[in-house]
Amino acid sequence: MTFASSQMQVFPFTPSDGFILALDGLCHRAWGGCLSVSTEIEIEGEPDLEKLRWLAHEIPRRFPFLGAVLQRGVLFQAPCWQLPTDSPSVPVPLEFHRLEDVSGDEPVVASANALRKRLLKLPLHKNGGPPHLRLDVVRHQCGRWLLLITWSHLLLDAVGIELFVRALARLWDDSDAVVPGHRAQYPEVSAWQRFQDSEAIRKFFSHLSGKHFPSASGGRYVKGDPLHLVETFTDDESRRFGEALKSVGGDLMAVFFHAVLAARAHRALLHSRGMKHATIMLRVPAQLRSKTPAGDPVIFQNHMTMLHYVLENDELDNITSACHLLMHQNVEQLRRKHHLSFSAFLSFARHIPSGMMLRLIHWLHRGELVSLFHSWTGTFAQGLDHAFGGRVLNGVHIPGIPAPAGSGIFFSNCQGRISFVLSWVDSCLRADEVAIMRKQLRHDLLGEPTS
Amino acid sequence: MYPSTSQPVDHTRDLEHIVLDVVRENLLPDLPADCATDADLFGVGLDSMGIMQMVLLLEERFGCTVQPADLTRLNFSTATALAMLIRGKAGASDA
């Protein structure tokens, strides 16, 4: 089968794209949608509706990769993206909304939360093709509005969407602004070479297969809607959070600190289910971002590898020592080049159909992919204080996550304020279990009681 | 003072420039040859992955064990700051 034609540009899957495609399939199985994320930016002032409509028209023209179509290929042929060179430029979907107590002509939504829930359920790519992302504007109180960019994880990741937001902000201020090129090509190496390069991580997986790291879904494929809880701390709460981080080590320990907090919240869930001695395993994305020939970081590219953290129940009793343990695990994985080995493994795994890949993982790890999904995305679009006509008040990524694992905890900050997002599939967590995880997070972050 | 487990350290150059060379060889190949030792490494592409790789390089190339308290943005922001960290660690171990 030949992908290329004179009317097509062909972009091979990155190593992590195959794994993301398998997760996308799990989301489709759970709620009929896709692995999508809603990036929510709160902006001061009133939205300029005409300019937003202009932006929706401009996006596909300036970012032609959003017209890419997934080509799955035949058995054991790695999928790729096909980019038609002559496809019409269709505006990305854009809808305006308002909350009931804000006057206006737009349709009313009950809450931003209700809208996010609806957006995360939408299939963003039809037959693997556009639109891949959509825009929604919500006027939620006088003098403040929300821009929600809901995007498919197949084309973007959190770093990519923040680069995209920066590029949109530049376009907003200057319609002639140059935006980064869409995607770099990746060097291909032989399957045999990739298999050999993946030896270190395969040994690690073999060691891991003796452990049970139960997730919220218990390793089951389930049906259910994607739900989420978003909390942004006040300035004072965020300052207290900063004090807690200082007790652990330097500010760059944040990546381990957040991972431990997520693991402890999950441990609280497991304890409530009577699992007092379970291992917790996190896969944390690590960027190996490519650059375009012009030297710009690539926007449309998923992160390329992951690091694995394994914590036994007792190792999570003390936050500081758990953070130090994760730092040690991180350095040891880099010493053993696990990050490169896992990337080679993912690159090799691209050739395995999603369903077969999931069955293999199911067999190796009793159905579990990971204990819970987790990431710390740092400062939202660092330095972007003003965008789309107003001051940026907050920015947060809200992912819908598949089952397994059935739950995920994500952290970020914006303008010095910390946000956490708890995402789950509704059939994987009961309301009281969500409350247990939330209480544990607030206890660890702010010293609030857990009972 | 700065033992190496892989490549020998060139003692004819100052530590700040040796650190820059290590960063260029291992983490940021696009770093200009005339990059200043006080240039912001985060500004030229040092990311969280690069920081932890630098932790490993400090250990393997300079015999310097980075503790959690050393893991600050300030310590990793420039070659000058990294050199100070290495000297501080060497001084502490000599004392």
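Our subject is the structure listed above.
Analysis parameters
Residues numbered from 1 in each chain as written. Chains lettered and ligands numbered in written order. Predicted model: local features only at pLDDT ≥ 70, side-chain atom pairs only at ≥ 80, totals over all residues. Heavy atoms only, no water. Helix = DSSP H or I, 4+ residues; strand = E, 2+ residues; numbered from the N terminus. Buried < 20%, exposed > 50% of the residue type's maximum accessible area, 1.4 Å probe, protein only. Contact = heavy atoms within 4.5 Å. Areas by Shrake-Rupley, 256 points an atom, 1.4 Å probe, with all protein chains shown as cover. Pairing = 2+ DSSP bridges. Axes fitted to C-alpha atoms, helices over the stretch in contact; angles between N-to-C directions. Buried area = accessible area lost by both parts, 1.4 Å probe. Salt bridge = Lys/Arg side-chain N within 4 Å of Asp/Glu carboxyl O.

### Thoughts on the overall build of chain B
Okay, step 1: Regarding its fold elements, chain B presents 3 helices and 0 strands.
Okay, step 2: Secondary structure elements of chain B, listed N to C terminal, follow the sequence α-α-α.
Okay, step 3: Counting across all 95 residues of chain B, residues that qualify as buried make up 47%.
Okay, step 4: Taking the contacts inside chain B whose residues are at least 6 apart along the sequence as the reference set, 60% of them involve residues at least 24 apart.
Okay, step 5: Put simply, chain B shows about 4700 Å² of open surface, and 53% of that area lies on carbon and sulfur atoms.

### Remarks on the sheet that holds strand β4 (residues 80–84) of chain A
Residue and element names in this part refer to chain A.
Okay, step 1: Taken in spatial order, the 3 strands line up as β1-β4-β3 in an open sheet, and their pairing is antiparallel. Unpaired on one side and paired on the other, β1 (8–12) and β3 (69–71) mark the two borders of the sheet. Pairs of neighbouring strands in the sheet enclose a mean axial angle of 30°, with direction left out of account.
Okay, step 2: Alignment of β1 against β4, held across 5 bridges, turns out to be antiparallel. When the bridges of β4 are listed, Gln9 appears paired with Leu83.

### A look at the interface of chain B and chain A
Okay, step 1: Counting residues at the interface gives 18 residues for chain B, matched by 21 residues for chain A.
Okay, step 2: Approximately 1500 Å² of surface area, both sides summed, lies buried where chain B meets chain A, with 70% of it carried by carbon and sulfur atoms.
Okay, step 3: For chain B, the biggest contributors to the area lost against chain A are Met49, Met52 and Pro68 of chain B; these three give 39% of the whole.
Okay, step 4: Summed over the shared surface of chain B and chain A, the result is 2 salt bridges.
Okay, step 5: Between Arg335 of chain A and Glu60 of chain B there is a salt bridge whose closest N-O contact spans 3.6 Å.

### Examining the pairing of strand β11 (residues 305–311) of chain A
All names here are of chain A.
Okay, step 1: Counting buried residues along β11, 7 of its 7 residues qualify, which places the element largely inside the surrounding structure.
Okay, step 2: Neither face of β11 is open: one carries Thr305, Leu307, Tyr309 and Leu311, the other Met306, His308 and Val310, and all of them are buried.
Okay, step 3: In this sheet, β11 lies alongside strand β10 (residues 280–286) in antiparallel orientation, the contact comprising 7 bridges. Paired with Pro285 across the strands is Met306, a residue of β11.

### What about the sheet that holds strand β9 (residues 226–232) of chain A?
Residues and elements named next belong to chain A.
Okay, step 1: Judged by pairing direction, the sheet is mixed, and its 4 strands sit side by side in the order β9-β16-β15-β12 without closing on themselves. This sheet does not close on itself; its edge strands, each paired only once, are β9 and β12 (373–379). Along the sheet, successive strands turn relative to each other by an average axial angle of 10°, direction set aside.
Okay, step 2: By the bridge criterion, 8 bridges tie strand β15 (residues 407–414) to strand β16 (residues 417–425) in an arrangement that is antiparallel. Residue pairing across strands places Phe411 opposite Phe420, the latter belonging to β16.

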